[in-house]
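What follows is each chain in one-letter form.
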Amino acid sequence: MKYLRAIILLSFCLVAVVCTAQKDFPSVPESGDNDTTVYDLVEHMPTFPGGTDSLFSFIRANLTYPEEAQEQKIEGRIYVSFIVEKDGSITNVGLHENYDIGGGCGPEGIRVVRSMPNWLPGNHGGNNLRFIIVLPIMFLLSEHREYPTTVVHMPPAHLTTP
């Protein structure tokens, strides 16, 4: 009997932990057109046309290693943040928290992101919403040229979820 009580108590505790760990999406305003909030979590995340592989291909094809950075042997990662608007257009492009490795790498990353085609917008509850993306772009010299590029979503803490 002692074991049965312990198992039942443990089950209730486990259910309570699981229920509190799940994040419920708060309701999205009814009039999605007037909502100018920038979200960092939605049911359907914005996507680059063709998916992640197409995004990587686009960056590789359009990114130019700045001469100044090559001459100074500057390598590293920059983070470019931007907002995917309700229509999929890209706005508010800039360096995330002004993080730049120098040598012209930051402006080059911004140039490439600004040249991207429209994305498929984020959607929540049938409404397209504005969404922030933070895209890391790696600059490596030719001897390290084969590198995996990854997309990491790191929204600033002051942004909200729907």
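Above this text you will find the structure in question.
Every chain begins its residue count from 1, and numbering advances along the sequence as written. Side-chain atom pairs in this predicted model are given and counted only at pLDDT of 80 or more, local residue features only at pLDDT of at least 70, and totals for whole chains, interfaces and linings cover all residues. With hydrogens and water excluded, all non-hydrogen atoms of the structure serve as input to the side-chain values.

> I keep staring at the overall build of the protein chain and nothing clicks. Help me out?
Within the protein chain, the regular secondary structure consists of four helices and five strands. Counting helices and strands in the order they occur from the N terminus, the protein chain gives α-β-α-α-β-β-α-β-β. Only protein chains enter the accessibility calculation, which uses a 1.4 Å probe; a residue whose area is less than 20% of its type maximum is buried, one above 50% is exposed, and one in between is partly exposed. When burial is assessed residue by residue, the protein chain has 40% of its 162 residues classed as buried. Taking the intrachain contacts of the protein chain between residues at least 6 apart in sequence as the baseline, contacts between residues at least 24 apart amount to 75%. Accessible surface, the protein chain as shown: approximately 9,800 Å² in total, 56% of it carbon and sulfur. Each helix corresponds to a stretch of at least 4 residues labelled H or I by DSSP, and each strand to a stretch of at least 2 residues labelled E; elements are numbered beginning at the N terminus. Note on contacts: a residue pair qualifies if any of its non-hydrogen atoms lie within 4.5 Å across the two residues. Areas reported here follow the Shrake-Rupley algorithm with a probe of radius 1.4 Å; residue values treat only the protein chains shown as occluding.

> Honestly, the pattern of salt bridges in this entry has me stumped. Any pointers?
Side-chain pairs of opposite charge can arise where the charged atoms are in close proximity. Take a side-chain nitrogen of Lys or Arg and a carboxyl oxygen of Asp or Glu: if they are within 4 Å of each other, that pair is a salt bridge. A full pass over the atoms with the stated rule returns two salt bridges. Among the ionic pairs, Arg130 bridges to Glu85, the shortest N-O distance being 2.7 Å. Separated by 45 residues along the polypeptide, Arg130 in strand β5 (residues 127-139) and Glu85 in the loop between β2 (76-84) and β3 (90-95) bring together distant segments of the chain. With a relative accessible area of 15%, Arg130 lands in the buried category. Owing to a relative accessible area of 15%, Glu85 belongs among the buried residues under this scheme. In this structure, Glu108 and Arg111 form a salt bridge, with 2.7 Å as the shortest nitrogen-oxygen distance. In this pair, Glu108 and Arg111 are both assigned in helix α4 (residues 105-114), three residues apart and thus about one turn of the helix distant. For Glu108, a relative accessible area of 10% gives the class buried.

> How should I be thinking about the packing of aromatic side chains in this particular structure?
Ring pairs (aromatic) are described by centroid distance and by the angle formed between their planes. Two rings from Phe, Tyr or Trp (for Trp, the six-membered ring) form a pair when their centres are within 6.5 Å of each other. A pair whose planes differ by under 30 degrees is stacked, one over 60 is edge-to-face, and the rest are tilted. Under the criterion given, the structure shown has five aromatic pairs. Consider the rings of Phe82 and Trp119, whose centres lie 5.4 Å apart with planes at 65 degrees: the pair is edge-to-face. Note that Phe82 is positioned in strand β2 and Trp119 in the loop between α4 and β4 (122-124), a separation of 37 residues in sequence. Judged on exposure class, the residue Phe82 and its partner Trp119 are both buried. Here the aromatic cluster, defined as three or more aromatic residues joined through ring pairs, consists of Phe48, Phe58, Phe82 and Trp119.

> Any chance you could explain the environment of Gly109 here in plain terms?
Mapped onto the elements, Gly109 comes out in helix α4. Between the C-alpha atoms of Gly109 and Thr64, which are 45 residues apart in sequence, the distance is 8.8 Å. If sequence neighbours within four positions are ignored, Gly109 has contacts with Ile78, Val80, Ile137 and Phe139.

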